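Overview (structure and organization)
Each chain, written out:
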Amino acid sequence: MFGFSFWKIVVLVAVIAIVWFGFRWLQRIESERRKAAGSSASRIDGRRPVAAEDLAPCPVCGVYVVAGSPACGRKRCPLAQQ
């Protein structure tokens, strides 16, 4: 019932080879697409661009805000004086 013949083994090896080389081909295409899309942007682990800004603590309330941001509207806000 489950006899192995020469042609069954050949077909099995061919299917495995097609899947293997197809997977490698898709990985190569994805790698080239990533390289072309984000070569100038800095990336973390090749996933997404980094958009980071330095934060400074507010001396009044202690909340961290982006340096150079507008005033928050609270009384005694030091950012309103800048």
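Quantities reported herein were computed from a predicted structural model and do not represent experimental measurements. (Residues numbered from 1 in each chain as written. Predicted model: local features only at pLDDT ≥ 70, side-chain atom pairs only at ≥ 80, totals over all residues. Heavy atoms only, no water.)

Scanning the protein from terminus to terminus reveals one helix and four strands. Moving toward the C terminus, one meets the helices and strands of the protein in the order α-β-β-β-β. Within the protein, the fraction of its 82 residues that count as buried is 6%. In the structure as shown, the protein presents an accessible area of about 7,800 Å², 63% of it carried by carbon and sulfur atoms. (Helix = DSSP H or I, 4+ residues; strand = E, 2+ residues; numbered from the N terminus. Buried < 20%, exposed > 50% of the residue type's maximum accessible area, 1.4 Å probe, protein only. Areas by Shrake-Rupley, 256 points an atom, 1.4 Å probe, with all protein chains shown as cover.)

So, about the packing of aromatic side chains. Here the structure, examined in full by the defined rule, presents one aromatic pair. Aromatic pair F6 and W7: ring centres 5.1 Å apart, planes at 75°, arrangement edge-to-face. One exposure class covers both F6 and W7, and it is exposed. (Phe/Tyr/Trp six-rings, centres within 6.5 Å; stacked < 30°, edge-to-face > 60°.)

For the rest of this paragraph, the subject is the pattern of salt bridges. Using the criterion set out here, one finds two salt bridges in the structure. We note a salt bridge from E30 to R33, for which the minimum N-O separation is 2.4 Å. Taken together, the positions of E30 and R33, both in helix α1 (residues 6–37) and three residues apart, correspond to about one turn of that helix. The partly exposed category is assigned to E30, whose relative accessible area is 30%. The closest approach of N and O atoms between R34 and E30, which form a salt bridge, is 3.4 Å. Placement of both R34 and E30 in helix α1 is noted, with a separation of four residues, approximately one turn of the helix. Take R34: its relative accessible area is 51%, and that puts it in the exposed class. Taken together, the shared-partner salt bridges connect E30, R33 and R34 into one network. (Salt bridge = Lys/Arg side-chain N within 4 Å of Asp/Glu carboxyl O.)

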